[in-house]
Amino acid sequence: MQPNLLSNLPPRIHLILDEGAREGRERPAFTDEAGAIWSYDQLIRAVDLAATELRALGVLPGDRVMLVCENSIAAITLMYAISRLDAWAVMTNARQSASELALIEEDCQPRCVLYTHATSPDAETHAARRGAHLKEFANIGLVKVAFPDDESYAEDVHEDPARQVAILIYTTGTTGRPKGVMLSHRNLAFVAARGKRTKTIHADDVTLCLMPISHSYGLTIMQGVLFAGGHLRIMPRFSLPVVIDAIRGGHITLFMAVPALLARLVDHAQRTGIALTPNRLRYAYTGTAPLDLSLRQSIEERLGVVLHNGYGLTETSPTISRTIYAKGSGEVDIGPPIPGVEVRIVDQDGRIVLDDTPGELHVRGPNVMIGYYRQPELTTAIIDAGGFLNTGGIVSRRSTGELVVQGRSKELIIRSGFNVYPPEIEGVLNAHVSVLNSAVVGRRVEGNEEIIAFVEPAPGIAIDVHELLAYLEARLARYKKPQQIIVLPHLPVAPNGKILKGELKRQAELPRSMGDDRITEGQ
């Protein structure tokens, strides 16, 4: 560990704002969703006041406070205000389903739930269903608040930033219970500091606050820019015209998005012939999903800058590695580990493999989570006694140090930058009266993965795929909804009764038959 990597880091994430303010407290930190500019000084004062108002609502150090939100100045202010109180911000996306949010609330037992309804129709819907009441915050306006019926209790508070939880982000596990990833103040500050300290992000940079801050990727982008003293323009939801205007108008110098959104940008430019240069971009970055060489080349051609790539997962805050590409090079690796992060690549017996040999990626460093909330058995299953976290990813390492993704040891699907676990979707499908059994696999498409569901009908029942899609709509977040449902008379099984997902994955990759009425596109 290089000693300077952990030196002078903010001990709490709300102090990232003070770090950014070193470049000038009156400089812009955000342009909010309504177009108003917030200086660093203005935001710091709003956070302090919101913390006082939350304390008046009964929020104590060690409490969990659940935020149901989309990107907005209110959500950002409240997140940092929660940090100011030494409480935990439980970040959730308002576009998640009611059942998903209910499971998270049940698991984390929050002191209160805050809904940023003014900028999110979905948050408004959830708040109405929950019976939340209006609360006016002095600087950020109206927010809806609900107090769960269950008894909430405060967790221990630790002065050590490596032990104190800042953010709780839930990932859906392979069981019915969601997994709350406990990210410490040290985890998040370590990753946030990287951009400024490596001179990747500058104080005069401007970018879009586009990726959801309820997701570790969007959170890390935002905090990295703030740490450097940069300026973010808030987008509650992706809007292609707004992105194009920001690029063509020279309003941004950095552009960071998942491959699926980059692919939409390229497709639009190709179809319309619109030029995205000249512009003021000097850096573009993507992550959370596999990057195709064709997409990288198309983006570099259209934007005129190198498209860099990164790798990680929520449990690593989320960064493990980042690329050092040169413009026009034909690489699609995920780069070397970031400084301060140690990796080892091992075979099935735990032995370290040679360069260019695939193996399971294990990582250790200040980026590795504290653990899963109230699930110590899952924590010890993924983090060994030496502090190495098993990512579940299969990678190889070049002799020059870059990591190359070979695949994933589990069935995880990454859809538009979000982790999707097939067993969750299968559980919802199998609960439908017309479905006897189901299997969900991923299919690679340029810049993304599609979710393909194979279903076997219950005896004597015909499956109405449109009705089945509507059933899923009410029970799953939109990004978890399959892009295709394929009805088979019988799912292929091995002699032991295990569904042969490899065979189904191969079938999913076959060209689509236009006349095959077993296939229905998800809406």
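Going by the structure above, here's the rest.
Reference entry: report on the structure contained in this document. Because the structure is predicted, anything quoted here is derived from the model rather than measured.

## Quick word on the overall build of the protein
- Looking only at helices and strands, the protein has 14 helices and 26 strands in total.
- Each of the three principal axes of the protein carries a C-alpha extent, and together these read 65 × 55 × 55 Å.
- Within the protein, the fraction of its 523 residues that count as buried is 58%.
- In the protein, the proportion of contacts linking residues at least 24 apart, taken out of those at least 6 apart, comes to 69%.
- As displayed, the protein has an accessible area near 21200 Å², and 52% of this comes from carbon and sulfur atoms.
- Of note, the protein has its 54 positive side-chain charges centred 3 Å away from the centre of its 60 negative side-chain charges.

## A look at the nonpolar core
- In terms of nonpolar packing, the biggest core is built from 117 residues, with Phe30, Met79, Ile167, Met222, Leu226 and Phe255 touching the most fellow members.
- Those residues in contact with Phe30, other than ones at most four positions away along the chain, are Ala36, Ile37, Trp38, Leu43, Ile73, Ile76, Met222, Leu226, His231, Leu232 and Ile234.

## As for the pattern of salt bridges
- Scanning all chains against the criterion turns up 27 salt bridges.
- Across the pair Arg111 and Asp63 runs a salt bridge whose closest N-O atoms are separated by 2.8 Å. You can see Arg111 sitting in the loop between helix H4 (98-108) and strand S5 (112-115) and its partner Asp63 sitting in the loop between helix H2 (40-56) and strand S3 (64-69), a full 48 residues away along the chain.
- A relative accessible area of 0% places Asp63 in the buried class.
- Linking Glu70 and Arg237 is a salt bridge whose minimum nitrogen-to-oxygen distance equals 2.6 Å. One end of the pair, Glu70, is in the loop between S3 and helix H3 (73-84); the other, Arg237, is in the loop between strand S11 (231-234) and helix H8 (240-248), and 167 residues separate them in sequence.

## With respect to empty space enclosed by the protein
- Applying the stated criterion to the full structure yields three cavities of 30 Å³ or more.
- Empty space within the largest cavity amounts to approximately 240 Å³.
- In this structure, the largest cavity is lined by 18 residues; those nearest its centre are Ile169, Tyr170, His215, Phe418 and Tyr479.
- Where the lining of the largest cavity is concerned, the elements lending two or more residues are strand S4 (88-93), strand S8 (165-172) and strand S22 (418-420).
- By residue class, the composition of the lining of the largest cavity is seven nonpolar, 10 polar and one charged.
- Reported here for the second largest cavity is a volume of approximately 100 Å³.

## Re the packing of aromatic side chains
- Evaluated as defined, the whole model comprises four aromatic pairs.
- With 6.3 Å between their ring centres and 40° between their planes, Tyr217 and Tyr285 make a pair best called tilted. Here Tyr285 lies in strand S13 (residues 283-286) and Tyr217 lies in helix H7 (residues 216-227), a separation of 68 residues in the sequence.
- Assessed through its relative accessible area of 4%, Tyr217 is described here as buried.

## Regarding the layout of surface pockets
- Looking at the second largest pocket, its volume works out to about 920 Å³.
- As for the second largest pocket, its lining consists of 35 residues, and the residues nearest its centre are Arg95, Leu261, Arg264, Ser416 and Tyr479.
- Those elements that place two or more of their residues in the lining of the second largest pocket are helix H9 (259-272) and strand S24 (448-457).
- The element that contributes the greatest number of residues to the lining of the second largest pocket is H9, accounting for five residues.
- In the lining of the second largest pocket, the residues fall into 16 nonpolar, eight polar and 11 charged.

## Notes on the environment of Ala21
- Structurally, Ala21 can be placed in helix H1 (residues 16-21).
- Accessibility expressed as a relative area gives 7% for Ala21, which makes it buried.
- Along the chain, Ala21 and Gly229 lie 208 residues apart, while their C-alpha atoms are 6.1 Å from each other.
- Leave out the neighbours within four places in its chain, and Ala21 touches Tyr40 and Ile44.

## With respect to the side chain of Lys144
- Tracing the backbone shows Lys144 in strand S7 (residues 141-146).
- Judged by its relative accessible area of 14%, Lys144 is buried.
- A distance of 2.9 Å separates a polar atom in the side chain of Lys144 from a polar atom in the side chain of Glu124.

## As for unusual backbone geometry
- Here Thr277 and Pro278 are connected by a cis peptide whose omega angle stands at 0°.
- Take Pro278: it is sitting in the loop between H9 and S13.
- At the junction of Ser317 and Pro318, the peptide bond is cis and its omega measures out at -10° in the coordinates.
- Turning to its location among the elements, Pro318 is positioned in the loop between strand S14 (307-312) and strand S15 (319-322).
- Backbone geometry places Ser416, a non-glycine residue, at a positive phi of 55°.

Conventions and cut-offs
Residues numbered from 1 in each chain as written. Predicted model: local features only at pLDDT ≥ 70, side-chain atom pairs only at ≥ 80, totals over all residues. Heavy atoms only, no water. Helix = DSSP H or I, 4+ residues; strand = E, 2+ residues; numbered from the N terminus. Buried < 20%, exposed > 50% of the residue type's maximum accessible area, 1.4 Å probe, protein only. Contact = heavy atoms within 4.5 Å. Areas by Shrake-Rupley, 256 points an atom, 1.4 Å probe, with all protein chains shown as cover. Lys, Arg positive; Asp, Glu negative; His and termini not counted. Charge placed at Lys NZ, Arg CZ, Asp CG, Glu CD. Core = buried A, V, L, I, M, F, W, Y, C linked by side-chain atoms within 4.5 Å. Salt bridge = Lys/Arg side-chain N within 4 Å of Asp/Glu carboxyl O. 1 Å grid on protein atoms, 1.4 Å probe; cavity = no way out; pocket = protein on both sides within 12 Å on 5 of 7 lines; lining within 4 Å. Points joined across faces, edges and corners; volume = space filled by probe spheres on them. Nonpolar A, V, L, I, M, F, W, Y, C, P; charged D, E, K, R; others polar. Phe/Tyr/Trp six-rings, centres within 6.5 Å; stacked < 30°, edge-to-face > 60°. Polar contact = N/O pair within 3.5 Å; in protein donor to acceptor, adjacent residues only side chain to side chain.

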